[in-house]
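Next come the chains, spelled out residue by residue.
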Amino acid sequence: ARALAALVVLGHAALALFVLLASAVLSRANPPFTALMAYRRLTAGQAIETRRPVPLSRMPRALPEMVVRLEDFHFYRHRGIDLGAIRDAYLVNRSLGYTLYGGSTIPQQLARNLFLTPRKTYFRKYLEALIAVEMDLLLSKRRILELYLNNIEWGKGVFGIGAASHHYYGTAPARLTVDQQRRMVAILTNPLRYSVTTFSKSRQMAARYR
């Protein structure tokens, strides 16, 4: 039992150190690749489109506001995780008998994209929460949001707002119309199955767009 406890403590310490070092780098630089990119490449053979990192100051102001409103309404008030959202997701999943909803905040989604895999397990959710809390302590909300928008998945092989903007509309994010921004934010929940022109087939995405 003592050996197991020591192993658990050591594992948590190693994770905390890793996140500390990674956050120090991420505070100033964009990652050249993420765990999710590697996962898509290895499991689905996806070719990754050219990355186009964009500073938050060069994005349309409405776009990050839309993302926060739909993905993590309490983003500026919580400390990395939203216990109420996780509780609600757990209750829904238990009633369904399988894991459908995650209740993830933007820091949790960023942690998953950068360091973990998209497989829905409670262990991954635990690691995701630990990383998110530490990242929220070490990075500003503005930087977390900037990293999120520059690394999330927006289609097969399409990662980040810069690549997505060029992929769907052939232009830089700053030139997107409000309707184009709405369409891109609408598809974030399932960008592998739907696009900016087909999302209306999903009632959930159509509701997000409205």
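On a predicted model such as this, the values are computed, not experimentally measured, just so you know. Think of each chain on its own: its residues are numbered from 1, step by step along the sequence as written. Local features in this predicted model are restricted to residues of pLDDT 70 or higher, and side-chain atom pairs are both shown and tallied only at a pLDDT of 80 or more, whereas totals for entire chains, interfaces and linings draw on every residue. Heavy atoms throughout the structure, all of them, feed into the side-chain values; hydrogens and water do not.

Regarding helix α6 (residues 122-138)
Step number 1: Going along the chain from the N terminus, every DSSP run of H or I of four or more residues is numbered as a helix, and every run of E of two or more is numbered as a strand. Between the first and last residue of a helix there are one fewer steps than residues, each counted as 1.5 Å, and that sum is the expected span. Here α6 spans 24 Å end to end across 17 residues, near enough to the 24 Å set by a 1.5 Å rise per residue.
Step number 2: Summarising the contacts, the buried residues of α6 are in contact with α1 (2-26), α5 (106-115) and α7 (141-151). Any two residues whose heavy atoms approach within 4.5 Å at even a single point are treated as in contact.

Description of the side chain of N113
Step number 1: With respect to the helices, strands and loops of the structure, N113 is situated in helix α5.
Step number 2: For N113, the side chain forms a polar contact with the main-chain oxygen of Q109, separated by 2.7 Å.
Step number 3: Beyond its immediate sequence surroundings of up to four residues, N113 is in contact with T34, A35, L36, N151, I152 and E153. The definition of a polar contact used here is a pair of N or O atoms within 3.5 Å, where within protein one atom must be able to donate a hydrogen and the other to accept one, and adjacent residues in sequence count solely through side-chain atom pairs.

Here's the deal with the side chain of N150
Step number 1: Of note, N150 is situated in helix α7.
Step number 2: One polar contact links the side chain of N150 to the main-chain amide nitrogen of V54, over a distance of 2.7 Å.

Some thoughts on the packing of helix α8 (residues 161-169) against helix α9 (residues 178-186)
Step number 1: Interaxial distance between α8 and α9 falls to 12 Å at its minimum, and their mutual angle equals 115°. Relative to α9, the element α8 is oriented roughly perpendicular. Considering only the axes of α8 and α9, their crossing is right-handed. Here I161, A164, S165 and Y169 of α8 come into contact with α9, specifically with Q180, R183 and M184.
Step number 2: By residue class, the composition of the contact of α8 with α9 is four nonpolar, two polar and one charged. Orientation is described by axes fitted as lines to C-alpha atoms, over the contacting stretch for helices, and by angles from 0 to 180 degrees between their N-to-C directions. Oblique is the label for any angle not under 35 degrees, not over 145, and not in the 65 to 115 range, which are roughly parallel, roughly antiparallel and roughly perpendicular in turn. Crossing handedness is read from the near helix: turned anticlockwise from the far helix by less than a right angle, it gives a left-handed crossing, and turned clockwise, a right-handed one. Each residue gets one of three labels, nonpolar for Ala, Val, Leu, Ile, Met, Phe, Trp, Tyr, Cys and Pro, charged for Asp, Glu, Lys and Arg, and polar for the others, Gly among them.

With respect to the nonpolar core
In a soluble, globular protein the nonpolar side chains are often hidden away together inside.
Step number 1: If you look at the biggest cluster of nonpolar residues, it comprises 41 residues, and the most contacted ones within it are V67, I106, M135, L149, W154 and I161.
Step number 2: Of all the secondary-structure elements, those providing two or more residues to this core are α1, α3 (62-71), α5, α6, α7, α8 and α9.
Step number 3: For this core, the element with the most residues is α7, which contributes five residues.
Step number 4: Every residue in contact with I161, bar those within four places of it in the chain, is listed here: V54, M59, L63, L149, N150, W154, P173, L176 and M184. Definition used in this section: a nonpolar core is a set of buried Ala, Val, Leu, Ile, Met, Phe, Trp, Tyr and Cys residues joined via side-chain atoms within 4.5 Å. Throughout this description, buried means an accessible area under 20% of the type-specific maximum (1.4 Å probe, protein chains only), exposed means over 50%, and partly exposed covers the range between.

Focus: the packing of aromatic side chains
Step number 1: Note on aromatic pairs: the rings of Phe, Tyr and Trp (six-membered ring only in Trp) are paired at centre separations within 6.5 Å, and the planes decide the class, stacked below 30 degrees, edge-to-face beyond 60, tilted for the rest. Under the definition given, this model contains three aromatic pairs.
Step number 2: For the pair F18 and F115, a centre-to-centre distance of 5.2 Å together with 75° between the ring planes defines the contact as edge-to-face. Here the residue F18 occupies a position in helix α1, and F115 occupies one in helix α5, the gap between them amounting to 97 residues.
Step number 3: Take F18: its relative accessible area is 41%, and that puts it in the partly exposed class.
Step number 4: The partly exposed category is assigned to F115, whose relative accessible area is 23%.
Step number 5: Centre to centre, the rings of F75 and Y76 are 4.8 Å apart; their planes meet at 70°, and the pair counts as edge-to-face.

Here we look at a nonpolar patch on the surface
Step number 1: A grouping of L17, L20, L21, L137 and L138 is seen on the molecular surface, where their side chains present a nonpolar patch of about 480 Å² in accessible area.
Step number 2: Of all the elements in the fold, those that place two or more residues in the nonpolar patch are α1 and α6.
Step number 3: Per-element tally for the nonpolar patch: the top contributor is α1, with three residues.
Step number 4: Looking at the secondary structure, you find L137 in helix α6. Here the term patch refers to residues with relative accessible area over 30% and no salt bridge, with like charges joined within 9 Å and nonpolar side chains (Val, Leu, Ile, Met, Phe, Trp, Tyr) within 5 Å. Residue burial considers only the protein chains on display, and all accessible areas are found by Shrake-Rupley using a 1.4 Å probe. Salt bridge criterion: a side-chain nitrogen from Lys or Arg within 4 Å of a carboxyl oxygen from Asp or Glu.

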